[in-house]
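This is what each chain is made of:
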Amino acid sequence: MAEEKKSQQGEWSSRFAFILAATGSAVGLGNIWKFPYITGENGGGAFVLVYLLCVVLIGVPLMMAETMLGRRSKENPIHTMEILTKEAGADHNWQYLGWLGVTAGFLILSYYSVIAGWATAYVVKAFFGSFFGATPQEIKAIFDGFVASPIQLIFWHSLFMLATMLIVARGIEKGFERSIRFLLPWLFALMILLVGYAMSTDGYFQGLNFLFKPDFSKLTANSVLVAMGQAFFSLSLGMGSIMVYGAYLPKDVSIAKSSMFIAGADTIVALLAGIIIFPIVFSHGLHPNSGPGLVFETLPIAFGNMFGGWLVGVLFFIALVFAALSSSIALIEPAVAWLIENQGYSRPKACLYSGLLAWFLGLGTVFSFNAWANFKLFGQTIFELLDYLTANLMLPIGGFCIAIFAGWIMKQDHSRHELELPDDKYYQVWKFLVSYVAPAAVFFVFLNVVGVL
Ligand code: TRP
C-alpha cells in the first residue's frame, strides 16, 4: 500500500484533533447515563471492578488494534476489512466484519438518539426552573410524565438526529473538530463542581462504598457480560467507529499513547458520574437500580438544591447533549463513509439516508417507554433488546474478531510498523493481549453466560 495514501474524507488537522475526536466519541451517554444505571442494577463495586479490568485488558489493546487497522487502509470499515484481508491473503469472509460494525452502529444510534433527546429536553426543563425546590418524588414524576409521551420523545429524538446529520454532512474537519473542541473541558469542569455537591450530601460515603467496595456475591455471569459490553460501548469499540477515526489519522501519531489517554479520560468521566449520582441516590432514599431514568431522577435533585444549581443544571445538560453529539457522529460515520466511498453518494445525501433510517428505527425505542412498554420479547422491551443485542453481543463479537484479525491474521511486520512502539517489549505485550487475552476473555464470558462454564 502506498505510504502517502490519504483518506478521501480528509485528515485530522493535528494529533490533538484526533485525540479530541476519539475522546469525544468515547465520552458520551455511555459514561453519564448508562454506566451509573447499569452499575446500580448490577450491585456496584464488583461490577465496577470487572468493568475496569475489561477496559485495561481488552479495551486498550483493542483500541490500538482498531486505530491501526483504520490507519493502514485509510478507508471506511467495510472497505478496510476488504483491503486488509487481501493484503494478508486471508479468507474473504473477514470482510463481513465491517458489515457487522456498520449494522451495530445503526442500531446503537437508533436508541442513542432517543436518550440524547431526553438530555436535550432536560436542557429546556432546567432552563425553565422545573427542578427548583422540587422533591425527589416530584422530579421522578417529571421524568415519568415525560417518557410517557411519545410525541415529546419523538420531537426531541428528531431534533437530535437532525443535528447529528447536519454536523456529519459538513465533513470531518469543519464539522467535527469545531463542535468537539469546547465542550469536553466544560463537561469535565461541571462534573468536578457536582462532585463538590455530592460530597456535601449525607450519603456521600455510602455512595462511594457502593461504587468501590466489591461484593462479589452480587456478581452474576450476566453482570460480567454487561460489564464487558459496557467497556466496549463506552470506549466505542467493536464496530468501526475508532477504525474510521484511525483512517483520518496522520502517520506521526503514537497509537499507544493516544489509546491510553482516551481510555483513561473515558474511565474518569464514568467514575465521576458514579461519584456524583450514588451519593444523591442514598441521601434521598432512592434506589440504585431504578434503570435508564437514574441520571434524570437524581441529578435534577442536585440542581434544585445546590447553590447556583440553575446555571449548573442548564450548562450540564448542554454539555451532555454535546458529548452525546460527538458520540452520535462517530456512530453514523462508518455508514456514511461507506455510502460515499462505495456507493458514490454525496456526503449530504449519505447523511440524509443513514440518518433517516436510524431515526425510523429509533421509534421502536420511543414506544418502549410508553405505548409498547408491555410488548416484550424474551422478557425485554425493544429498547432493552436493542441494547442487549448491540452492547452485549455485537460489540464483543466484533471486538473478538478484530482482535483475532489484528493478532493472528495481519502480518506481524505490518502491525509492528503501524504501531511503531518505542521498544519491541511493548509490542510483544500488545500482541499477547490482543492475540490471547482479549479473545479468550470474550470467549469465556460468553461460555459463562450460556451456562457452559
Ligand atoms: N462511546 C459512546 C458513549 O459512551 C457511544 C459510542 C460512540 C459508541 N461510538 C460508538 C458505542 C461505537 C459503541 C460503538 O456514549
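Located above this text is the structure these notes cover.
Residues numbered from 1 in each chain as written. Predicted model: local features only at pLDDT ≥ 70, side-chain atom pairs only at ≥ 80, totals over all residues. Heavy atoms only, no water.

Looking now at the overall build of the chain. Broken down by element type, the chain carries 19 helices and zero strands. A globule of 453 residues ought to have a C-alpha radius of gyration of about 22 Å, and the chain, at 21 Å, matches this closely. Its C-alpha atoms give the chain principal-axis dimensions of roughly 65 × 50 × 40 Å. Within the chain, residue pairs in contact and separated by at least 24 positions form 82% of the contacts whose partners lie at least 6 positions apart. Working note: accessible area of the chain is about 17500 Å², and carbon and sulfur atoms make up 68% of it. Counting 25 positive and 27 negative side-chain charges, the chain places the averaged centre of each group 3 Å from the other. (Helix = DSSP H or I, 4+ residues; strand = E, 2+ residues; numbered from the N terminus. Rg over C-alpha atoms; globule rule 2.2 N^0.38 Å. Contact = heavy atoms within 4.5 Å. Areas by Shrake-Rupley, 256 points an atom, 1.4 Å probe, with all protein chains shown as cover. Lys, Arg positive; Asp, Glu negative; His and termini not counted. Charge placed at Lys NZ, Arg CZ, Asp CG, Glu CD.)

With that settled, the discussion passes to the nonpolar core. If you look at soluble globular proteins, the nonpolar side chains tend to sit buried side by side. Core analysis: the largest hydrophobic core is formed by 163 residues, its most contacted members being Trp-118, Phe-296, Phe-316 and Phe-317. Per-element accounting of this core gives the leading share, 20 residues, to helix H15 (residues 309–343). In this structure, Phe-317 is in contact with Ala-119, Tyr-122, Val-123, Ala-126, Phe-131, Phe-296 and Phe-303, ignoring residues within four places of it in sequence. (Core = buried A, V, L, I, M, F, W, Y, C linked by side-chain atoms within 4.5 Å. Buried < 20%, exposed > 50% of the residue type's maximum accessible area, 1.4 Å probe, protein only.)

Bringing the site of the ligand into the picture now. Around the ligand, the surrounding shell holds 16 residues, and the nearest of these are Ala-26, Gly-30, Tyr-112, Phe-233 and Ser-236. The backbone of Ala-26 places a nitrogen or oxygen atom 3.0 Å from an oxygen atom of the ligand. In the model, an oxygen atom of the ligand is placed 2.8 Å from a nitrogen or oxygen of the Gly-30 main chain. Contact with the protein chains removes 100% of the 360 Å² of surface that the ligand exposes when unbound. The set of elements that each furnish at least two residues to the shell around the ligand consists of helix H1 (15–26), helix H2 (29–41), helix H5 (96–127), helix H11 (221–234) and H15. Sort the elements by how many residues they give to the shell around the ligand and H2 lands first, with three residues. Split by residue class, the shell around the ligand holds eight nonpolar, eight polar and no charged. (Near = heavy atom within 4 Å. Polar contact = N/O pair within 3.5 Å; in protein donor to acceptor, adjacent residues only side chain to side chain. Nonpolar A, V, L, I, M, F, W, Y, C, P; charged D, E, K, R; others polar.)

Attention now goes to helix H14 (residues 294–305). Each turn of an α-helix holds 3.6 residues, which means side chains three or four residues apart point in the same direction. Here H14 spans 17 Å end to end across 12 residues, near enough to the 16 Å set by a 1.5 Å rise per residue. Taking burial as the measure, the 12 residues of H14 include 11 buried ones, the bulk of the element. Those residues of H14 that fall on the buried side of the exposure criterion are Leu-294, Val-295, Phe-296, Glu-297, Thr-298, Leu-299, Pro-300, Ile-301, Ala-302, Phe-303 and Gly-304. Buried residues along H14 sit against H2, H5, helix H6 (136–147), helix H9 (183–199), helix H13 (255–283) and H15. (Expected span 1.5 Å × (residues − 1).)

Further remarks concern the side chain of Thr-390. Within the fold, Thr-390 resides in helix H17 (residues 382–409). Note on Thr-390: relative accessible area 0%, which makes it buried. Here the side chain of Thr-390 touches Tyr-111 through a polar contact of 3.4 Å, side chain to side chain. Apart from residues no more than four positions distant in its own chain, Thr-390 is found in contact with Ala-104, Leu-107, Ile-108, Tyr-111, Leu-395 and Pro-396.

Turning our attention to the packing of aromatic side chains. Taken as a whole and assessed by the stated rule, the structure comprises 32 aromatic pairs. On the numbers, 5.0 Å between centres and 65° between planes, the contact of Tyr-122 with Phe-296 is edge-to-face. Of the two residues, Tyr-122 sits in helix H5 while Phe-296 sits in helix H14, which places them 174 residues apart along the sequence. Taking relative accessible area as the criterion, Phe-296 reaches 1% and is therefore assigned buried. A centroid spacing of 5.8 Å and a plane angle of 15° characterise the contact between Phe-143 and Phe-296, whose relative ring orientation is stacked. With a gap of 153 residues between them, Phe-143 in helix H6 and Phe-296 in helix H14 connect regions that are remote in the sequence. With respect to burial, Phe-143 and Phe-296 carry one shared label: buried. Positioned above the aromatic ring of Phe-233, the side-chain terminus of Lys-34 is 4.4 Å from the ring centre. Over the ring of Tyr-345 we find Lys-349; its NZ or CZ atom is 4.9 Å from the centre of that ring. (Phe/Tyr/Trp six-rings, centres within 6.5 Å; stacked < 30°, edge-to-face > 60°. Lys NZ or Arg CZ within 6 Å of the ring centre and 35° of its normal.)

What follows covers the state of the cysteines. As enumerated under the stated definition, the model contains zero disulfides in all. Note on Cys-54: no disulfide assigned, nearest cysteine sulfur contributed by Cys-401 at a separation of 17 Å. In this structure Cys-54 comes out as buried when scored by relative accessible area, which is 10%. (Disulfide = S-S within 2.5 Å.)

Before going further, it helps to spend a moment on the side chain of Ser-415. Locating Ser-415 in the fold gives a position in helix H18 (residues 412–419). The class of Ser-415 is buried, set by a relative accessible area of 1%. When residues no more than four places from it in sequence are discounted, the contact partners of Ser-415 are Met-68, Met-410, Tyr-427 and Trp-430.

Here Ser-346 is to be found in the loop between H15 and helix H16 (347–368). By relative accessible area, Ser-346 is classed as partly exposed at 39%. With 327 residues separating them in the primary sequence, Ser-346 and Ile-19 have C-alpha atoms 27 Å apart.

So, on to the packing of helix H10 (residues 204–212) against H13. The geometry of H10 relative to H13 is characterised by a closest axis approach of 7 Å and an angle of 130° between their N-to-C directions. Taken together, the axes of H10 and H13 are oblique relative to one another. Of the two possible hands of crossing, H10 and H13 adopt the one that is right-handed. Within the contact between the two elements, H10 uses Tyr-204, Gln-206, Gly-207, Leu-208, Phe-210, Leu-211 and Phe-212 and H13 uses Leu-271, Gly-274, Ile-275, Phe-278, Pro-279 and Phe-282. (Axes fitted to C-alpha atoms, helices over the stretch in contact; angles between N-to-C directions. Parallel < 35°, antiparallel > 145°, perpendicular 65-115°, else oblique. Left-handed = near helix turned anticlockwise from the far one by under 90°.)

So, about a nonpolar patch on the surface. Where nonpolar side chains cluster on the molecular surface, the patch consists of Val-124, Phe-127, Phe-128, Trp-310 and Leu-311 and spans about 530 Å² of accessible area. As for its placement among the helices and strands, Phe-128 is situated in the loop between H5 and H6. (Patch = residues over 30% accessible without salt bridge, like charges linked within 9 Å, V, L, I, M, F, W, Y side chains within 5 Å. Salt bridge = Lys/Arg side-chain N within 4 Å of Asp/Glu carboxyl O.)

The subject of this paragraph is the pattern of salt bridges. Within this structure, the stated rule accounts for 10 salt bridges. Of the charged contacts, one joins Glu-418 and Arg-71 as a salt bridge, the two residues approaching to 3.2 Å between their closest N and O atoms. In this pair, Glu-418 is assigned in helix H18 and Arg-71 in helix H3 (residues 45–73), connecting sequence segments 347 residues apart. The exposure class assigned to Glu-418 is buried, which follows from its relative accessible area of 2%. Notably, a salt bridge pairs Lys-140 with Asp-144, separated by 3.0 Å at the nearest N-O pair. A residue pair is termed a helical-turn pair when its members lie 3 or 4 positions apart in one helix, as Lys-140 and Asp-144 do in helix H6 at four residues. Connected through shared salt-bridge partners, Arg-71, Arg-72, Glu-87 and Glu-418 make up one network.

That is the geometry; function is a separate question.
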